Structure formats: C-alpha cells, structure tokens
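Residue strings, one per chain:
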Amino acid sequence: RFNYNYKERYLFEANFRYDGSSRINPDDRWGIFPSFSAGWRMTEEQFMQDLHWSWLNSLKIRASWGQLGNQNIGIYPYQAVMENEGNYTFDNSSLSTGYAQTKYANRNITWETTTVTDIGLEATVFNGLNVTLDWYKKKTKNILRDAQVTGALGLDAPVINNGEMENKGFEINTQYVNNIKGGLFKGLNYNVGFYFDRNRNKVTKFGADEISGHYLRQEGLPYNSYYMLDCIGIFRDEDDVKNSPKQFNDNTLPGDLKYRDANNDGVIDNNDRVVIDGRFPKFEYAFNLSASWKGFDVSLLLQGVEGKKHYVTDWGLQPFRQGSAPTIDYVKYRWTEDNPDNAKYPRMYMAPSQNNTQPSTFFQRDMSFLRLKNAEFGYTIPKNLTKKIGLSTMRLYIQGLNLLTLSKFKMWDPELDTNSGMAYPNMTVVNFGLNVNL
C-alpha cells in the first residue's frame, strides 16, 4: 500500500493484492489485483480563492480504479473426481459400490475479475449544503460458470471462464446541516438529506442464449431479463375465443387469459414470448431527517424503490394452490358469465390450467414502494435535574422500525425477493427505552 498527500491538495493512494486460491489449479492459482485512487482539493488552489466565491466553501474531485478477483466456484472444480454412483452387481451374486466421474474437469480455469471505475465530486456550498456526486462503472470479465454443452458429452458441464457483465450508474447524496441562531426556534439543529441511485445492468458477452423458465440470458440485455407472454386480457365469451389466435391447445375457454400474438403467425405459443422490462429497479432513493432542540430530538429515515417488477405465482393468484382456498379478492373479481367484461382474474379452476398458468405478464406486479424504515423520538432530561439524582445524563426515547409502507402491491412485503411470499417479512418493531450515564 502506498499513500501520498501533498499540502492537503493532492491525494494519491495505491494498493496491490496478491491472492491465491486452492480452488484453482497451481499454474493459475495466484493473481495480482491493484487499485488506485486520487483526489484534488480545488478550493485550496490560489486561482480558486481569487474568484472570491463566498457560496462555495469546499470542492474536491476524485477518481478511483481497482480490481478484485472471485474464486467462489465450489471445491476443486479443476480436478477430475470420482463419486459414488450407487451399488452394482458384477457377478450376479453380490452388490459392489461403483464409482465414476460425473463432471468434466477443466484445469484451465482462472480468476474471475471485476474492475470498478469511479469518478466523483464532493462540494460544500452555502455554509451547510454538502453534495456528493458519483459516476461508476463495474465490469466483470472471465465469469466463472458452467459451460454450454449438450447431453452428448455424457458428463456434467465443466466450469469455464466465459462471459462479461457491466453495471454502470450514478449516485447523488445531498445533506443540509443548519443551526438556527435566533427567533422562536433559536438553538434548533437540523439535518435534511436525500439519496438517489440509478444503475443499469447489461450482459456484454455470454454465448448462446439461455432460457430458464421466465428468464432470458442474452447479450445486450440485463442479466436474467423477464421473458414471457404478454397478457392482454381475459376472453369474454365464445365469440372472443373463436376470433382470436389459437392458444397452445384447443381447450381455450371463455374466462381464460388472452395473450398477444407477438410474431403475428396466428398461433399463440412459446415463440410469442417477448422481453419485458422491470427486472431491475429504475432507481432507488432515500430521505433522512434529524433535529434537536431544547432536549428533544427526532430522526426519520425513508427509503424507496421505483420501477421494480416481480414475478409472483402460487398462493393468492392460483386458486386452490396445494389445497388452499382462493383469496376473497380472487373470488370477488374473477371471470364469470355474469361478469365477463370487468374481471381482474381468470375463471375459477381446480386443476392447473395450461392456458392460465403460462409464464406471462399477468403474474407481474409492480413492487415499487416507499417505506418509513426508521423513526425515533427522544428527550434528554436537563443536567441540572439529573445531577440531583447522581446521574450524568438521562434520555427517554421511542423508536420504530418499518412503521409504514406505501405500495400498490398488497400481497406481501414488497421488499422481499420471493415469487410466492414464502419468506419471513420485515417486522414492524416499536421500542421504548431509557439511556442512563452515571
């Protein structure tokens, strides 16, 4: 590691990591991963001071570049390993344990490398407004993954270095700190902040397209992009079914989901699947507030996600899932002969319906939310009172976690990364406390 600081104006730092892993064969086991950073305090320069910008208190620009290695690929994947494949009879009279190689070994694997570049600006203006801007780019190369092979290989695919992925975006963080020195609220100290992050993910090198359920891995798209049928409504009646493209089979009934004929061939099948946006959020943001005045203090933290869509299935959307009763919402707003035009859900069915369970946008939900993540209110008893009972300080407080969530999604916690809600939610917690210092 090397650090250099010249007159508090020019800052430079360099680090070099030399890492080795037994998960990689001895010929490629060691890797060098450097990182560099530099900063320039512009307001310390004479030409900036000569401008006499009273509104600009400090200004710093900085940049960094660094690499890290990844070797999380299991235990010794470069070695050909024999595994117990069960019992066999070789002499028709007794069983013997048999061993065989089940996975093709690749001795040429090496480190997966992630390179991160960041350019930033830090400024303080108007004697209290702190602004931080960052643009970043994260590039991962030589991704460790299973090779794309056919079943003709006869063994499980080997681990190889193949693929590249890019994440880039920008962050904005502002904080305003102030103290009121006169008037009714004299002595009030407060801090107000806002955070914004916009990130874009893209697979830049991958190989052949891979489809896993309703996910698509393809060069030029976000990793695991949504890939599914575009649901455009519910069949109202028999005429609607007859005048629409055939859907997978001849058993389409009024009340079934209707899909868009994306390739205009007159038939709805898997060739009509399309890439759907929403795999990653459009942006994330947060607000914070803290203040103190005459012994009282308060702090709030709100965080939000916008534009994140989630694929939800099973309970709540499929009636009688594993014997569970359909939801009241489903029963009330399902398609029936008496309600063919305003139905929100398809017809009621007992056994899984192929038409109504195809991966489609019907199962997509907007998971955008704004959550009051933390709130705290406290009061510190004046020292002239606490000293009388032999205490240095005493503070009473009430604190709440996850107190309020604003979201269009009502089935379960929108912050959970689950398709069916089968995960423990973020709990709402309220604490009352007393801090005492002797």
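Just so it is clear, the structure is predicted and the values come from calculations on it, not from any experiment.

> Could you give me a rundown of the overall build of the protein chain, with the residues and numbers involved?
Tallying secondary structure elements over the protein chain gives four helices and 27 strands in all. In terms of overall dimensions, the protein chain is more spread out than a globule: its C-alpha atoms have a radius of gyration of 30 Å, far above the 22 Å expected for 438 residues. Expressed along its principal axes, the backbone C-alpha trace of the protein chain runs to roughly 85 × 70 × 55 Å. In the protein chain, which comprises 438 residues, the proportion classed as buried is 36%.

> Explain the nonpolar core residue by residue, including any values.
Note on soluble globular proteins: their nonpolar side chains tend to be buried together. In this structure, Tyr226, Leu257, Tyr259 and Phe362 are the most contacted members of the largest nonpolar core, which totals 24 residues. Listing elements by their share of this core, those giving two or more residues are strand E15 (225-228), strand E16 (231-234), strand E18 (257-259) and strand E20 (274-276). Not counting residues up to four positions away in its chain, the partners in contact with Leu257 are Cys231, Gly233, Ile234, Phe235, Gln247, Pro346, Asn355, Asn356 and Phe362. Membership of the second largest hydrophobic core comes to six residues, among which are Met42, Met48, Leu56 and Ala123.

> Quick one: what's the story with the packing of aromatic side chains, residue by residue and with numbers?
Summed over the entire model, instances satisfying the criterion amount to 20 aromatic pairs. Ring geometry for Phe16 versus Phe36: centroids 5.6 Å apart, planes at 85°, classification edge-to-face. One end of the pair, Phe16, is in strand E2 (residues 10-20); the other, Phe36, is in strand E3 (residues 30-41), and 20 residues separate them in sequence. Judged by centre distance (5.0 Å) and plane angle (20°), the ring pair of Tyr18 and Trp30 falls under stacked. With a gap of twelve residues between them, Tyr18 in strand E2 and Trp30 in strand E3 connect regions that are remote in the sequence. In terms of burial, Tyr18 and Trp30 fall into one category: exposed. Joined through ring pairs, the aromatic side chains of Phe170, Phe194, Phe196, Phe283, Tyr285 and Phe287 make up one cluster. Across the ring face of Phe206, the terminal group of Arg145 is positioned such that the distance to the ring centre comes to 3.9 Å. Sitting over the ring of Tyr226, Arg279 keeps its end group 5.9 Å from the ring centre.

> Quick one: what's the story with the sheet that holds strand E14 (residues 215-217), residue by residue and with numbers?
In space, the four strands of this open sheet follow the order E13-E14-E15-E20, with antiparallel pairing throughout. Of all strands in the sheet, those with a lone pairing partner are strand E13 (210-212) and E20, marking the two edges. Mean inter-strand twist for the sheet, computed between neighbouring axes without regard to direction, equals 40°. Across three bridges, E13 lies against E14 in antiparallel orientation. Considered in E14, the bridge of Ile211 is made with Leu216.

> Outline the pairing of strand E5 (residues 82-89), listing residues and values.
Of the strand pairs in this sheet, E5 and strand E6 (residues 95-101) are connected by six bridges, and their pairing is antiparallel. When the bridges of E6 are listed, Thr89 appears paired with Leu95. Remark: five residues form the turn of the hairpin made by E5 and E6, two consecutive strands paired antiparallel; Asn92 in that turn has positive phi of roughly 65°.

> How would you sum up the layout of surface pockets? Please name residues and give values.
Within this model, the largest pocket holds a volume of roughly 270 Å³. Around the largest pocket, the lining comprises 16 residues; the ones closest to its centre are Pro222, Asp277, Gly278, Arg279 and Phe280. Those elements giving two or more residues to the lining of the largest pocket turn out to be strand E12 (189-205) and E20. Looking at the lining of the largest pocket, its residues break down into six nonpolar, five polar and five charged.

> Go over a nonpolar patch on the surface, please, and point to the residues and values.
The grouping of Phe2, Tyr4, Tyr6, Tyr10, Phe12, Phe16, Tyr18, Trp30, Ile32, Phe36 and Trp65 at the surface amounts to a nonpolar patch, some 1200 Å² of accessible area in total. Position of Phe12 relative to the elements: it lies in strand E2.

> Residues and numbers for the pattern of salt bridges, please.
Throughout the structure, instances matching the rule amount to 22 salt bridges. One salt bridge in this structure joins Asp230 and Arg260, with 2.9 Å as the shortest N-O distance. In this pair, Asp230 is assigned in the loop between E15 and E16 and Arg260 in the loop between E18 and strand E19 (267-268), connecting sequence segments 30 residues apart. By relative accessible area, Arg260 is classed as partly exposed at 34%. Of the charged contacts in the structure, one is a salt bridge between Arg371 and Glu415, with a shortest N-O distance of 2.5 Å. One end of the pair, Arg371, is in strand E25 (residues 369-380); the other, Glu415, is in the loop between strand E26 (393-407) and strand E27 (429-437), with 44 residues separating them in the sequence. Exposure remark for Arg371: the relative accessible area of 4% places this residue in the buried category. Salt bridges sharing common partners tie together Arg62, Asp118, Glu122 and Asp134.

About the cut-offs
Residues numbered from 1 in each chain as written. Predicted model: local features only at pLDDT ≥ 70, side-chain atom pairs only at ≥ 80, totals over all residues. Heavy atoms only, no water. Helix = DSSP H or I, 4+ residues; strand = E, 2+ residues; numbered from the N terminus. Rg over C-alpha atoms; globule rule 2.2 N^0.38 Å. Buried < 20%, exposed > 50% of the residue type's maximum accessible area, 1.4 Å probe, protein only. Core = buried A, V, L, I, M, F, W, Y, C linked by side-chain atoms within 4.5 Å. Contact = heavy atoms within 4.5 Å. Phe/Tyr/Trp six-rings, centres within 6.5 Å; stacked < 30°, edge-to-face > 60°. Lys NZ or Arg CZ within 6 Å of the ring centre and 35° of its normal. Pairing = 2+ DSSP bridges. Axes fitted to C-alpha atoms, helices over the stretch in contact; angles between N-to-C directions. 1 Å grid on protein atoms, 1.4 Å probe; cavity = no way out; pocket = protein on both sides within 12 Å on 5 of 7 lines; lining within 4 Å. Points joined across faces, edges and corners; volume = space filled by probe spheres on them. Nonpolar A, V, L, I, M, F, W, Y, C, P; charged D, E, K, R; others polar. Patch = residues over 30% accessible without salt bridge, like charges linked within 9 Å, V, L, I, M, F, W, Y side chains within 5 Å. Areas by Shrake-Rupley, 256 points an atom, 1.4 Å probe, with all protein chains shown as cover. Salt bridge = Lys/Arg side-chain N within 4 Å of Asp/Glu carboxyl O.

Take it as geometry only, folks, not as evidence of what the structure does.
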